Structure formats: C-alpha cells, structure tokens
Amino acid sequence: MKGSQMSSARKIFDIDDLTSEEFAEVLDFSLLRNPPKVLSNKSVALVFEKPSLRTRNSTEVAIRQLGGGVTTMADQEIGIGVRESASDIASTLCGYHDLICARVKSQVTLESFAAVSLTKGVGVVNLLSDLAHPVQALADVLTIKQVWTGIGHPKLTYVGDSNNVASSLAKAASYAGIDVTISSPAGYEFDDSTLERLNIGGGLVRKVSDPKEGVKGADFIYTDVWVSMGQEGQTERRLVDFSSYQVNSNLMALAGDAVKFMHCLPAHRDLEVSAEVIDGADSIVWAQAENRLHSMRGLLLKLFWKAN
Ligand code: CP
Ligand code: NVA
C-alpha cells in the first residue's frame, strides 16, 4: 500500500481548503528555486476528464523537479463511471501513488476519489472542476504579488463569466488582501450568498454589473473564456450575452494608468479579449502561465514537506 507518506493526507478542492497562513506559505514556497526533493520515491497520479496544456505540463514538471514520478491518464483511457466507478479507480490508484490530482467535469468525482483515498493516506488536489480552479488562482496571486509595486490593496477587476476561475481567483485574492470587483452580464453573476462565501480574507470581493464602472481604478483586469469546457452547447447564446464584456483597449483605458491584463488561458482573441490587449505591453499572461509551475511546486512542498 502506498499513501500515508503525506504527513496528513488532505483534499485541496479550492483555495479555502488552505488556511490563509497556509496559502501564504504556498506562495513563499513557490519562490524556492532549488527546494528539497520531497517527492523522491513518491508517485503522483494525474487524471484528466477534460483537455489541458498548462495544468498538465506545470504539474508534471513540478513533480519531477521535486524528485517524484508521475502517471498521467486521460478519461478516454480509464472511463470514470463508465469502465469503472470513481471509487474503484481511487482504490486502485492508492495502491500505486501518494497523491491524486484530477481535472473533473463534476466536483462530485473529486468527492468520490477523496472518500476512498483519504482513508488510505492519499490526498486529492483539484486541477479544475465545474466549481473551482485553485491551482490557477495560486499562480495568479503569485503573479500579482510579483508585479504590484503600489501601496495599499491592489485592485483586481474580473470581467466575464462568474465561473470556476473567477470563484477561486476571488478567494485567493481575498486571502492576499487584493480587492476584487467581478463584472458579469445578468444571468452569469454570482448570487449574493455565493459572493459572501468568496470574501474569506482581507481583500473585499464585490460585484458591479457594468464593466466600465467595474474597471475604474483597477490595477489588474482579468478575463476568462465566455464558453468553458463542457458548455459548448451554449456557445451561440453566450457569444451574444457576453458581447459587451470584451476586454479591449477602450476598457483598459478606463482603468488605472499602470493597469495590467491577465487571463488564465487558453484565450480567444477578439472574443473575451482583443488581440491588441492580450498581445500588448500591459499583458502579463505569460508570467501567469509560467507561475503555474512555481505555484504548483509550492503547493506540493506544502503538502509533502511542511504539512503542518
Ligand atoms: N489555465 C489552464 O488551466 O490551462 P489548461 O486548461 O491548458 O490546463
Ligand atoms: N473556465 C475555463 C477555464 C479553463 C482553464 C473552463 O472551465 O473551461
């Protein structure tokens, strides 16, 4: 039986599965460029029910940098809930691996993995679900902290769909003392009780439906795709509903003088962001993408090195 080497196996389904102190520690560990090989003789299973470029590569490389082995599986190979149940898959993986990281269509699958794996000393990390994308949010806040040179609370405005990325980003920003404004079209907004649950730290999370109003004074403007993976059937309607929420140079001009543009990627030029903005001098999307590696390594260090 593998597992149990992770000092206390845990589930990281979203940012608030870390305390604010642990969150800060992960960011500190992300800066370590030559950390101890805490995954030596350990192995991690990566399961993908949806496509990925950044998450798969950054997680695999982070594991290797920490001396670990990694096995990556696409759902087409293992057939979650079709070829066998999520709990049977988790029971099997726990015999080989010390951690399961998974990108899933539904958070319920993560719950099914964790219900089995935690009892065997094997943790579960969410690599994107319908509800959350915590490993993206770690990289985003790391990037903001590297770029921000002002005083007081940085101001981040998220323009677009109130989705998995927006939710984890808002929680991570709140922990980091970043004030967040979320600007979404009617029907795509967080309801008031959800918004309240995003306010987990010193940064204030609020919503403003008009993006022109929302970006006033922003230091960072962030957007994500209008059609997330799995929502392809809604494409026609969403392209209409989000058409006035594009981040372009007119919107950027309404923000602070030194405003930076952020996107988790993949991006669709001239839909959610104009090409001139994402490819322009104020775009920090490549720093975000690279920081996926450093922050993932930071999270793994937190889980396997300084677990308490
Ligand atoms: N941002 C992000 O998670 O990218 P991938 O979907 O390519 O992993
Ligand atoms: N909201 C997007 C993020 C992709 C990284 C999706 O879920 O497809």
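Details of the structure are given in the entry above.
Residues numbered from 1 in each chain as written. Chains lettered and ligands numbered in written order. Predicted model: local features only at pLDDT ≥ 70, side-chain atom pairs only at ≥ 80, totals over all residues. Heavy atoms only, no water.

A. Here's a closer look at the site of ligand 2. In the vicinity of ligand 2, the residues found are Leu128, Asn163, Asn164, Val165, Asp224, Val225, Ser228, Met229 and Leu265. Between Asn163 and ligand 2, the recorded distance is 3.4 Å, taken from a side-chain N or O atom to a nitrogen atom. Ser228 places a polar side-chain atom, nitrogen or oxygen, 2.7 Å from a nitrogen atom of ligand 2. Taken by itself ligand 2 offers 270 Å² of open surface, and the protein chains cover 95% of this. Classifying every residue of the shell around ligand 2 by side-chain character gives five nonpolar, three polar and one charged. (Near = heavy atom within 4 Å. Polar contact = N/O pair within 3.5 Å; in protein donor to acceptor, adjacent residues only side chain to side chain. Areas by Shrake-Rupley, 256 points an atom, 1.4 Å probe, with all protein chains shown as cover. Nonpolar A, V, L, I, M, F, W, Y, C, P; charged D, E, K, R; others polar.)

B. View of the nonpolar core. By size, the foremost hydrophobic cluster in this structure holds 53 residues, and its most contacted members are Val125, Leu156, Ile182, Leu299 and Leu300. Not counting residues within four places of it along the chain, the set of residues in contact with Val125 comprises Ile12, Leu99, Ile100, Cys101, Ala102, Val135, Met296, Leu299 and Leu303. (Core = buried A, V, L, I, M, F, W, Y, C linked by side-chain atoms within 4.5 Å. Buried < 20%, exposed > 50% of the residue type's maximum accessible area, 1.4 Å probe, protein only. Contact = heavy atoms within 4.5 Å.)

C. Main features of the site of ligand 1. Around ligand 1, the neighbouring residues are Ser52, Leu53, Arg54, Thr55, Arg103, His133, Gln136, Cys264, Leu265 and Arg292. Within the side chain of Thr55, an N or O atom sits 2.7 Å from an oxygen atom of ligand 1. Its free accessible area being 250 Å², ligand 1 has 95% of it covered by the protein chains. Of the residues in the shell around ligand 1, the class split is three nonpolar, four polar and three charged.

D. Summary view of the pairing of strand β7 (residues 179–183). The buried fraction of β7 is high, at four of five residues. In the sheet, strand β6 (residues 155–159) pairs with β7 via five bridges, with the strands oriented parallel. The residue of β7 that forms the bridge with Lys155 is Asp179. Strand direction decides the pairing type here: β7 and strand β8 (residues 205–207), joined by three bridges, are parallel. Bridge assignment links Ile182 to a residue of β8, and that residue is Lys207. Read from β7 through helix α8 (residues 192–198) to β8, the crossover connection turns out right-handed. (Helix = DSSP H or I, 4+ residues; strand = E, 2+ residues; numbered from the N terminus. Pairing = 2+ DSSP bridges. Right-handed = clockwise from strand over helix to strand, strands pointing away.)

E. Highlighting unusual backbone geometry. Each neighbour pair has its own omega, and for Leu265 with Pro266 the value is 5 degrees, a cis peptide bond. Among the structural elements, Pro266 can be located in the loop between β10 (260–263) and α12 (275–278). Of note in this structure, Asn41 is not a glycine but carries a positive phi near 65 degrees. Examined against the element boundaries, Asn41 turns out to sit in the loop between α1 (20–30) and β2 (43–48). The backbone phi angle of Leu128 is positive, close to 120 degrees, even though this residue is not glycine. Secondary-structure assignment places Leu128 in the loop between β5 (123–126) and α6 (134–147).

F. Layout of the state of the cysteines. A complete count under the given rule lists zero disulfides for this structure. Free of any disulfide, Cys94 has its nearest cysteine sulfur in Cys101, 12 Å distant. Residue Cys101 is classed as buried on the basis of its relative accessible area, which comes to 0%. (Disulfide = S-S within 2.5 Å.)

G. Region of interest: empty space enclosed by the protein. Summed over the entire model, instances satisfying the criterion amount to one cavity of 30 Å³ or more. Each pocket or cavity is described by its volume, and for the largest cavity that value is around 30 Å³. Lining the largest cavity we find Ser162, Ile182, Ser184, Glu189, Phe190, Lys207, Val208 and Ser209. Along the lines of polarity and charge, the residues of the lining of the largest cavity split into three nonpolar, three polar and two charged. (1 Å grid on protein atoms, 1.4 Å probe; cavity = no way out; pocket = protein on both sides within 12 Å on 5 of 7 lines; lining within 4 Å. Points joined across faces, edges and corners; volume = space filled by probe spheres on them.)

Treat this as a map of the structure, not an account of what it does.
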